[in-house]
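Structure assessment
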Amino acid sequence: MGSKEQKIGEIIADHKTQEGAMLPILHDIQAEFGCVDADSELIVAEALNLSRAEVHGVVSFYHDFHPTADNRPVVQICRAESCKARGVESLMAQAQALAGDRVKLSTVYCLGLCSAGPNARVGDTLHARLDAAGLAQVIENAR
Amino acid sequence: MIIRISDDALARALGADAIAAAFAKKGHEVQRTSSWGMHWLEPLVEVDGKGFGPATLADVDAILDGSSAKAIGVIADHPFIAGQERLTFRRAGRTRPTSLEDYEATGGWAGLRRARQIGSEAIVEEVLQSGLRGRGGAGFPAGIKWRTVMQAVAPQKYIVCNADEGDSGTFADRMLMEGDPYALIEGLAIAGEAVGANQGYIYCRSEYPDAIAKLNEALRLCRDIIAPFRCEVRMGAGAYVCGEETSLLNSLEGRRGEVRAKPPLPALEGLFGRPTVVNNVLTLAAVPHILSEGGAAAYDGLGMGRSKGTMPIQLAGNIKHGGLYEAAFGITLDDLINTIGGGTESGRPVKAVQVGGPLGAYLHPDQFDIRFDYEEYTKADALIGHGGITVFDDTADMGAMARFAMEFCAAESCGKCTPCRIGSTRGVELIDRIRAGGRQRDRLELTPQMHNARKDGGRGQDQEIALLTDLCETMKFGSLCALGGFTPYPVMSALQHWPEDFTGPPEQPAARVLDTSNA
């Protein structure tokens, strides 16, 4: 706990001069620990002079923040209209089977590559024009 | 030889980095430029103005010795490019995104320099005269918004750029931020000059890591040029509703991205309660051109009716020639999809087209003579939104798409107002019931203790459809913002044009297998 508290303290200090620093702080905590848990919420609440409920309200509102860490690699697959029009739904059953328990598949609504779907994202790497084989490769290579 | 390859996220997602590295390894100078916007040809390799695409690693040698079968000729003369009227995207494909040298050489900062000379009143006057309307979807005249903020008296004002481009089928904001970040920053700085704000924020969604990186790099390099104006990029956190301006402001302040009731208008009480200009990326990026010498009159001279200037239209979904097509208002859907877009990529007939993202209406091929214009679309119960066009071929199940619209609204609703929060979930259930052939009374309802429950055979499809229509009416007029308010557009338009996708063929309205998976 000690080192975690210290690290969060550093993150908060980094953003001290920013107006409305809550989201940047939460993003950094999420990136560092893979989640924003109850302990982190408390520390942030204290630093920003808010109640824990207020911080929890923000954390639970946004899809990007998670209450518990999931150490599996994540493959985000776009299932919005444009990717549906290009057949993403027909790839999902096979993708789910391939991912199994090793890889977490999550749905994202739009990666902005709508003329070249189906699209996926792993970390900051994007993949476009995926067919069944392409998506299988993305899932297999996800680390 | 100088090889030019785009470093746009779409090109990179298709392997442009590896191809660039292969050319560099062979001893050629590789320049990473913005994308031309011809997405079916990405990764597009440019050698002496001539293009080769879509390129793969196997094509490298053939491109170098000129024998490649993927040659498309001179890129600038390609019909897809030559037919456009590019103002906002005039640098697309032509410059290196974060190169200050390229930006200056193509007329960069001229608008800001002139803005500083003519002063705030004159800037607002020119923006008004240009007829520029907000490109985010609502189409509100930008000049009027700017004037309101200019006239407000406050110790601090803000410029906020809405770069939370969450609509499926749209990518113009992303392309602009990645391809011409200085144009957006210049637009922000001019807006700051006009209304007397010295701080700007660009709120970009977290799904666009490339755009955020490019903007940060650009802001670092041009800090002294835009000073005393300061600007910062803020990253969203995966909430679609934060594209709504008041919700975006709450998010910037570090709160839940819930919609605020209007009034007060953000122009008077916006970010941290201060007067704030909130404009879309494309609106602000159009400003440097308008503020250049004679730009306002030229802009006003384009378009039709009250829709002035150009619209960067995004051709997406199942379309052969997808990409970015910037044209003056007035172009028809038929031209866009069949002539320019070349029909569907699958080669099958077009069944439906959704214009304006997840909240836009589905248009039937019978309506393809509609001209791109805010008022024309409003008349047809449709919207232009952010100019995204998603094409579906005849394999699409429009009942499923209508269900998805409700499901999407339920997943992304901020929860502030009831019609959107509850209505969307009820909408999903209703569409499921319609597609299942109606609703039987359940066991509980049939028990004698339930005095008020009807003991009939349940509701038929017609009655369920009437309920859905009523629900959509409530959502449309009772929701606080466009998420709940516009979700009825895709639902009702799908129901109107493709009723058979809801009720099944007339003779056998049998139960369908329902997709009950949670996305």
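Nothing here was measured: the structure is a model prediction, and the numbers come from that model. (Residues numbered from 1 in each chain as written. Chains lettered and ligands numbered in written order. Predicted model: local features only at pLDDT ≥ 70, side-chain atom pairs only at ≥ 80, totals over all residues. Heavy atoms only, no water.)

**Some points on the environment of G273 of chain B**
All names here are of chain B. Assignment of secondary structure puts G273 in the loop between helix 12 (245–252) and strand 9 (276–280). With relative accessibility at 39%, the residue G273 sits in the partly exposed group. The sequence separation of G273 and N318 amounts to 45 residues, and the corresponding C-alpha distance is 44 Å. Apart from the residues lying within four places of it in its own chain, the contact partners of G273 are E253 and L268. (Helix = DSSP H or I, 4+ residues; strand = E, 2+ residues; numbered from the N terminus. Buried < 20%, exposed > 50% of the residue type's maximum accessible area, 1.4 Å probe, protein only. Contact = heavy atoms within 4.5 Å.)

**Observations regarding the nonpolar core**
Core analysis: the biggest nonpolar cluster contains 97 residues, and Y62 and V75 of chain A together with M406 and L468 of chain B have the highest contact counts within it. The greatest single-element share of this core, amounting to 8 residues, is contributed by helix 17 (residues 398–412) of chain B. Residues within four places of Y62 of chain A in sequence aside, it is in contact with L23 of chain A together with A237, A239, C242, S251, R255, R256 and G257 of chain B. Membership of the second largest hydrophobic core comes to 65 residues, among which are A115, A163, L282 and I290 of chain B. (Core = buried A, V, L, I, M, F, W, Y, C linked by side-chain atoms within 4.5 Å.)

**A short note on the sheet that holds strand 4 (residues 125–127) of chain A**
Residue and element names in this part refer to chain A. Strand order in this open sheet of 4 strands is 2-1-3-4, and the pairing throughout is mixed. The strands lining the two open edges of the sheet, one partner per strand, are strand 2 (104–108) and strand 4. Mean inter-strand twist for the sheet, computed between neighbouring axes without regard to direction, equals 25°. Looking at chain direction, strand 1 (residues 74–78) and strand 3 (residues 120–122) are connected through 2 bridges and run antiparallel. Note that in strand 3 the partner of I77 across the bridge is A120. (Pairing = 2+ DSSP bridges. Axes fitted to C-alpha atoms, helices over the stretch in contact; angles between N-to-C directions.)

**Considerations on the domain arrangement of chain A**
The domain architecture assigned to chain A consists of domain 1 (2–61) and domain 2 (74–141). The gap between the C-alpha centroids of domain 1 of chain A and domain 2 of chain A is 31 Å. (Domains from an automatic or database assignment.)

**As for the pattern of salt bridges**
According to the stated counting rule, one finds 46 salt bridges over all chains in the structure shown. Ionic pairing is found between D124 of chain A and R121 of chain A, a salt bridge with its closest N-O pair at 2.9 Å. With a shortest N-O distance of 2.7 Å, E232 of chain B and R234 of chain B are connected by a salt bridge. Taken together, the shared-partner salt bridges connect R12, D17, R32 and D210 of chain B into one network. (Salt bridge = Lys/Arg side-chain N within 4 Å of Asp/Glu carboxyl O.)

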